[in-house]
Amino acid sequence: MSPPLLGIEVGGRGNAPLMSSSASVDCISQSGSGLKERNYLGLSDCSSVGSSAVSNVSEEKKNNLNLNATELRLGLPGSRSPERDSDFNVLTSGKLDEKQLFPLLPSKDGICSLSQKPIVSGNKRGFSDTVDGFSEIKSSVFSDGKWMFNATGSDSGTPQSVVEAKLAGNAGINVMLSNNSSGAQPSMKKEVPTRAPQEGHNKMNGSNNNSSAPAAKAQVVGWPPIRSFRKNTLATTSKNNDEVDGKPGPGALFVKVSMDGAPYLRKVDLRTYSTYQELSSALEKMFMCFTIRQCGSQETPGREMLGENKFKDLLHGSDYVLTFEDKDGDWMLVGDVPWEMFIESCKRLKIMKGSDAIGLAPRAMEKSKNQN
Amino acid sequence: MRSFQSMLNYFPEEVLEHVFDFLTSHRDRNAVSLVCKSWYTVERFSREKVFIGNCYAISPERLISRFPRVRSLTLKGKPHFADFNLVPHDWGGYVQPWIESMAKGGVNLEELRLKRMLVSDESLELLANFFPNFKSLVLVSCEGFTTDGLAAIASNCRFLRELDLQEIEVEDRRGQWLSCFPDSCTSLVSLNFACLKGEVNLASLERLVARCRNLRSLRVNHAVPIDALQRILMQAPQLVDLGTGSFGQDPDSDSYNKLETAMQQCTSITSLSGFLEVVTARCLPAVYPICRHLTSLNLSYAAGIYSDELVKLIRHCNKLERLLVLDTIGDKGLGVVASTCKELQELRVFPSDIHGGNAAVTEEGLVAISAGCPKLNSILYFCQQMTNAALIMVAKNCPNFIRFRLATLNPTIPDAVTMQPLDEGFGAIVKSCKGLKRLSVSGLLTDQLFLYIGIYAEQLEMLSIAFAGDSDKGMFYVLNGCKKLKKLEIRDSPFGDVALLEDMGKYETMRSLWMSSCEVTLGACKTLAQKMPRLNVEIINDSDQMEASDDDKQRVEKMYLYRTLVGPRKDAPDFVWTL
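- Chain B is annotated in an unreviewed UniProt entry as Protein AUXIN SIGNALING F-BOX 3 of Abeliophyllum distichum.
- Reading the Subcellular location (unreviewed entry) entry of the UniProt record for chain B gives the comment "Nucleus".
- The annotation that UniProt attaches to chain B under Pathway (unreviewed entry) is "Protein modification; protein ubiquitination."

- By the naming in an unreviewed UniProt entry, chain A is Auxin-responsive protein, taken from Abeliophyllum distichum.
- Under the UniProt heading Subcellular location (unreviewed entry), the entry covering chain A gives this text: "Nucleus".

Quick notes on the pairing of strand S16 (residues 462–466) of chain B
Residue and element names in this part refer to chain B.
Logical step 1: In terms of residue burial, S16 counts as a mostly covered element, since five of its five residues are buried.
Logical step 2: On S16, burial covers both faces: Met462, Ser464 and Ala466 on one face and Leu463 and Ile465 on the other are all buried.
Logical step 3: Both strand S15 (residues 438–440) and S16 contribute to a ladder of three bridges, which runs parallel. Within S16, the position partnered with Leu439 by the bridge is Leu463.
Logical step 4: Chirality of the crossover, the property in question, places the unit of S15, helix H18 (residues 447–456) and S16 among those that are right-handed.
Logical step 5: Relative to strand S17 (residues 487–491), S16 is paired through five bridges, and the arrangement is parallel. Counted as the bridge partner of Leu463 is Leu488 from S17.
Logical step 6: The handedness of the S16 to S17 crossover, carried by helix H19 (residues 472–481), is right-handed.

Some words on the nonpolar core
When a protein is soluble and globular, its nonpolar side chains tend to lie buried together.
Logical step 1: B:Phe404, B:Ile453, B:Leu500 and B:Leu513 are the most contacted members of the largest nonpolar core, which totals 189 residues.
Logical step 2: The biggest single contributor to this core is H18(B), with seven residues.
Logical step 3: In this structure, B:Ile453 is in contact with B:Val430, B:Leu439, B:Leu460, B:Leu463, B:Val478 and B:Cys482, ignoring residues within four places of it in sequence.
Logical step 4: One finds A:Leu253, A:Val257, A:Met259 and A:Trp339 within the second-largest nonpolar core, a separate group that totals 24 residues.

Examining the confidence of the model for chain B
Logical step 1: Put simply, chain B has an average pLDDT of 91, and 95% of its residues get 70 or more.
Logical step 2: Both scores are given for the predicted complex: the pTM is 0.66, the ipTM 0.90.

A closer look at helix H9 (residues 202–211) of chain B
All names here are of chain B.
Logical step 1: If you check which residues of H9 are buried, you get Ser204, Leu205, Glu206, Leu208, Val209 and Arg211.
Logical step 2: Packing partners of the buried residues in H9 comprise strand S6 (190–192), strand S7 (217–220) and helix H10 (226–235).
Logical step 3: Measuring from the side-chain oxygen of the N-cap residue of H9 to the backbone nitrogen of Ala203 gives 3.0 Å; that N-cap residue is Asn201.

Thoughts on the packing of aromatic side chains
Logical step 1: Across all of its chains, the model carries 22 aromatic pairs over all chains by this definition.
Logical step 2: Judged by centre distance (5.3 Å) and plane angle (50 degrees), the rings of A:Tyr276 and A:Phe342 are tilted. Remark: A:Phe342 occurs in helix H12 (residues 339–345) and A:Tyr276 occurs in helix H10 (residues 276–287); sequence separation between them is 66 residues.
Logical step 3: Ring geometry for B:Phe450 and B:Phe495: centres 5.7 Å apart, planes at 80 degrees, overall edge-to-face. Taken together, the residues span a long stretch of sequence, with B:Phe450 in helix H18 and B:Phe495 in the loop between S17 and helix H20 (497–502) at a distance of 45 residues.
Logical step 4: Look at B:Phe450 and you get buried, because its relative accessible area is 0%.
Logical step 5: Joined through ring pairs, the aromatic side chains of B:Tyr56, B:Phe81, B:Phe84, B:Trp91, B:Trp514, B:Tyr560 and B:Tyr562 make up one cluster.
Logical step 6: When the ring centre of B:Tyr56 is taken as reference, the NZ or CZ atom of B:Arg569 above it lies at 4.5 Å.

What counts, and where the lines are drawn
- Residues numbered from 1 in each chain as written.
- Chains lettered and ligands numbered in written order.
- Predicted model: local features only at pLDDT ≥ 70, side-chain atom pairs only at ≥ 80, totals over all residues.
- Heavy atoms only, no water.
- UniProt positions renumbered as here; feature names shortened; annotations may be inferred.
- Buried < 20%, exposed > 50% of the residue type's maximum accessible area, 1.4 Å probe, protein only.
- Helix = DSSP H or I, 4+ residues; strand = E, 2+ residues; numbered from the N terminus.
- Pairing = 2+ DSSP bridges.
- Right-handed = clockwise from strand over helix to strand, strands pointing away.
- Core = buried A, V, L, I, M, F, W, Y, C linked by side-chain atoms within 4.5 Å.
- Contact = heavy atoms within 4.5 Å.
- pLDDT = per-residue confidence, 0-100.
- Polar contact = N/O pair within 3.5 Å; in protein donor to acceptor, adjacent residues only side chain to side chain.
- Phe/Tyr/Trp six-rings, centres within 6.5 Å; stacked < 30°, edge-to-face > 60°.
- Lys NZ or Arg CZ within 6 Å of the ring centre and 35° of its normal.

If you want it as structure tokens, here you go:
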């Protein structure tokens, strides 16, 4: 096709390496069907921020974006209305010079990202769960903390939901404009880089997240591209995992609770409690119907701030003892270790009769001896 | 020149045939058969292995008439995107007509390898009963049969060496198919039923393994518990490839010790997979002794292994050349891989939670791998995010990629740091990896990337595009630039009629083109079909979106076209229109 490009090394260099291709490519494109220059970023020409080559992030970037580069940048096909273009320019004109650099500084980043691409409306290529995707963005490995992701983590809350809501409704340009006006530093997290519309398909005219808009959390068919066998298998396995041991991690931590003599088991989410007292009250409530003598009857009212010791007292006062099975498979008495440690190692709970539990500690030791 | 030519003409055919025996690659043989008529003739009578990349490109009859001595047939059916639910189940790709023709034609079939084809129990029965020397059945991503079909194979193929089922949903008829292997069957070399969901008779399995002394590869399914596995291993210490089945369910210490002992006996295992269910931490150390010999490790179904256990395991595997994992391994885990597995050539990282949960890998992991594993040549990487800088670094570190497939969980995500499209990153990959044959791109991408691909990806044979590009130019750059392109599949991208019709002759040089949710209209497809009689242009209208009373301007939701020598297929279902 085109002659090999000379003397260009990929990566590592400050100059936009691949941009030198622009010259010869220009020829091709111009001799071809006449590439229309598109302002990809929606900025005016001289502010062509890095949609051309991205060199090493860690390098300070003087902008030597050749204007040639702008010609190559194939931006949105022409369905954008003129007002919108000028809107963008209005937004960004003041910031053009700053824009030339690699987005090292937060505020520039924010605006830059905003003005980049209009949010596409509800055609297939746009889906607003990208918004969710963004909230997971970690800071880049190459950064030395300059990136703003984490910094603006806190403000992302509301605006993000605004975006989401609007996307589900009627987004397009309006969202971005409103975002921009609402804050000087909108988080990058709100950037929704959905597909630009194409020619001949009048989906986008600023106002349409039309009827074909996917719901905010819509899953795209066939994405991510994994075989259905794998998808189905892993779905089943993870269900099984949750059954067998409450997987530690953020989110719910459900463990089974059994009680001697009860006809069925219960499950509790350990994360909803923060102390042993809370757990024990909840369990009492759950299993009260099964006890002959109510566990809670000995509890003195007005007892606040029960520590772990008090929890043990509570148990010892009643017929029942709360025990748990830890990661190693050993049965232990609840209440010996700090709550956080307990949560991490608890796999299962059991409410035992006091008489059974008296020998618990020695029995547990024996068991672990046998297993070694 | 004349005399040399005449010398060649007197070359005895037997010698030619002998020389051609050294040619195993079908591409080489194809090339050889184009040299001259006599070479064509010699080659066609001597070819035993035939590869057909698209079962509708040719008919079984023509296959048999050209290659009467065929013994091994590889067939591929549905388009690749069928793997991702984009193609209705009954679109086609039936193996039945092939088996029938070969049975009628007296072909001495020994090996059948199918991918994305519809295989019925009837087909399997035919296979088992009409080909007395049948030895090897490999099915990948197929469907349509049950364990009854497997029973037929087990019962009747007296010399069966290989039964390999990969990623198939097989309906379980509870017929104890495994018990159908007769006691006289001792020829098995490879048995892989890891994907089966049903139960198997453990006693039969153990006996089978005991009598097949040549068994090298055994991959069992989840229904085989650890104690059975341990007994099997004691019978088959010669195994080279092991799929462990569930490997779960906390065994008692006795079983565990026996397992350890059994594993230590298996000094030849170089390939390991399985761990299909929950794995208690205490069981994994049993496999540490074999880890240091492993060259291939597939933990991509091991959702029950937590990342710290995973990492511990991998630290023992310093000879690894091929690794498949879930993204629960994390970037840190990939760092461990990078520092441990210096021989790594192929890596696949699958998503554990397709809704983009907490477990995920990012560009960091990829860069770490590229830095630590210089021999890397094939990657499939599902990640949360990516950056151009990372891809550029990867391209610099690993110029040897043959396959590079990246899928961001959010298909249009831009560079996570600069918010730019990922054009430059992927561009760096195609520029640096001069031998790149297969590429899948994702993330925010513009026509610029396709320009790079067209310019640099000279060896590219397969390209997958999703949610990318801005205009017809993108597709045009690719079709125009990639001279060796064989398969192009595009979804949800703004490429339309202009690009489609720009160079119609190109499609005859390719195996197939898939376009779904693009901008192609019915009229353009009709034009193409009309002008190119040796292409089948199929429209898949599975959701009744299109009216038969054609408005040529309406967009086509799914189009699949492929070159063919046999015209429109006769088994197309109602919703498939061949124009």
